[in-house]
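One letter stands for each residue in the lines below.
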Amino acid sequence: MAGRDPQMSAVPTPAPAPAPAAPAAAPVGPMVFVRLKLRLVAGNLRGSTQRLLGFVFTVLAAIVLASFGFLMMAGLRLTSPDLAVDVVTVLFTFLLVGWAIVPLLAFGLDDTLDPSRLALFPLRTGRLATGMFAASITGVWPAATLIVTLGAVAGLAHGIGAVLLGVVAVLLHFALCVVLSRLATTALSGVLRSRKGRDVLAVSAIFVVLAAQLPNLLLNGGLSADPQALLRSLASVLRWTPSGLAAHAVAGGGLVALTGIAVLAALVAVIGWLWITALRRALVSTDASTQGAAVRDSGGLSARFLPYGPLAAVVGKELKYARRDPRGRVGWFAAVAVAGIMAFSINDGSGPAGVGLAVAPACLGAAMIAIQGCNAFGIDGRSLWMNTVVYGNDRDWRTDLTGRHLAVAVIAVPLLLALSVVAALLAGNLLWAVPAVLAAWGVLGVGLGMGALTSVWLPYTVPERLNAFTGAAPGQGGIAFAASFGALLGTGVLSLPILVPMGMGLTWVCALAVPYGLLLSWAGRRIAARQAFARYPALLEATSAAT
């Protein structure tokens, strides 16, 4: 090249400096998952006073429960050894069953329970399972459970050797609770993300709540005059379960304790292996909740019996919500279950007789069904803004509320009829079903009118979550409680003109119950429609909060 110095071409070009070696990746151990969970908890509390107060209340409740449980278990040393072992066996069983069921109810609320959230982590399944186990035992309630179960060592064990073996048995039982919980949530994670799976879970949860009332009903019904005998028979059935083995290992010591510990260790190993297998399958399986469903005719029953228009559209939409939304079915089933328990409890022959034995359960079921409409617009959420396209006056809002109430009546009227017949049969007089169902229909109308008012005065957002037991968006829990309690209280007060004369023996008043309920539901819709048209922006804001 012209003008280039020949001596410069002879200068060697220095070699580039070698790049610094990348630091070796630190192994991901269980403590990483523990710190991750603690940071998630701290981040969830940041910036929300209500969540912080709720967390403080949870911690205090866990401390109180742990202290009371430990002292109660330690106090078993003052009772007979056989009775103490029976109590610990039953309590350990309840804890094991609770650890298996309660996380299923929290599915969709706590993302750490869903293994699909961890599918992108570059970790082997065994290491991932170890981290998830460590995260599962991190928290106030796992610590409270462990403290309560350690109280059994103070109440049952005698001698240093028995104490050491008892501590090992308690730790193995606690580990069994955790791995069984993780196995249940992991194996059912794909099903719980689907609508049918959430429906089954919601109904199963109601059955669990009803089963928890079974001992109380048996005792009140006189089926067991000796609670210790009932406890003894229950503990004898649970003797060879994992919880029974753990309780006898704590109390027995020696060869009995070693045998129980060996069996518990084997169970923990087997269930842990099943959990890892289920976790490996869940991480590579297709999410069933994203698969398309078959499209069916959207006309429904409302198109057959109602003229085409906004009223039929609202009725059809609400009936589809009732069929598809698990949270609605939970409320319906809970209302029937609570009314059924009341009908069974008050007809044990120990209380007063009369038509009230059939009227009271039917009216309670009607009130519980009606308060489900205390937040009629919450389930629409952000899509409520589309109502502005067609709702130009309060009459349109009144039509919307009428359609919602008509959809509820389509399901509630025959349901309350069946409930009244069952309550009358339990009361011993089938003719009592007539005043019972008329009073229940009247209470339903009153409750729908109150629900229309609270839907406009106290609206809140219904979270779009997988769990069927979610109530309101963060920060709106107080509004949700006020709406439900206010609707229930108002329904009870406004139903007194019908229920009080019937309670005094004036059964003919039931003939006025249905017109009275229709009148109050019409008045509630009319007032609520005017309020909704006037304060539509506030209504839309309240039902569109971030979840």
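Residues numbered from 1 in each chain as written. Predicted model: local features only at pLDDT ≥ 70, side-chain atom pairs only at ≥ 80, totals over all residues. Heavy atoms only, no water.

Visitor: Report on a nonpolar patch on the surface, specifying residues and quantitative values.
Guide: A cluster of nonpolar side chains, namely Phe481, Phe485, Leu489, Val493, Leu496, Val500 and Met504, defines an oily patch on the protein surface of about 740 Å² accessible area. Top contributing element to the nonpolar patch by residue count: helix 20 (residues 477-494), with four residues. Along the chain, valine 493 turns up in helix 20. Owing to a relative accessible area of 46%, valine 493 belongs among the partly exposed residues under this scheme. (Patch = residues over 30% accessible without salt bridge, like charges linked within 9 Å, V, L, I, M, F, W, Y side chains within 5 Å. Areas by Shrake-Rupley, 256 points an atom, 1.4 Å probe, with all protein chains shown as cover. Salt bridge = Lys/Arg side-chain N within 4 Å of Asp/Glu carboxyl O. Helix = DSSP H or I, 4+ residues; strand = E, 2+ residues; numbered from the N terminus. Buried < 20%, exposed > 50% of the residue type's maximum accessible area, 1.4 Å probe, protein only.)

Visitor: Describe the confidence of the model for the protein, with residues and values.
Guide: Counting all residues, the mean pLDDT for the protein is 80, and 76% of those residues have values of 70 or more. Residue range residues 1-11 is modelled with pLDDT below 50. Its contacts to residues more than four positions away, or to other chains, number one contact. Counting interchain partners and residues more than four positions distant, the pLDDT-below-50 stretch residues 292-298 has two contacts. (pLDDT = per-residue confidence, 0-100. Contact = heavy atoms within 4.5 Å.)

Visitor: Please give an account of the pattern of salt bridges that cites residues and values.
Guide: The tally for this structure, following the rule as stated, stands at five salt bridges. Here arginine 404 makes a salt bridge to glutamate 318, at a shortest N to O gap of 3.0 Å. In this pair, arginine 404 sits in helix 18 (residues 394-427) while glutamate 318 sits in helix 14 (residues 310-324), placing the two residues 86 residues apart along the sequence. Residue arginine 404 shares its accessibility class with glutamate 318, and that shared class is buried. For the salt bridge of arginine 404 with aspartate 400, the shortest nitrogen-to-oxygen distance reads 2.5 Å. Here the residue arginine 404 and the residue aspartate 400 both occupy positions in helix 18, the gap between them amounting to four residues, near one helical turn. Within this structure, Lys317, Glu318, Asp380, Asp400 and Arg404 form a network of salt bridges that share partners.

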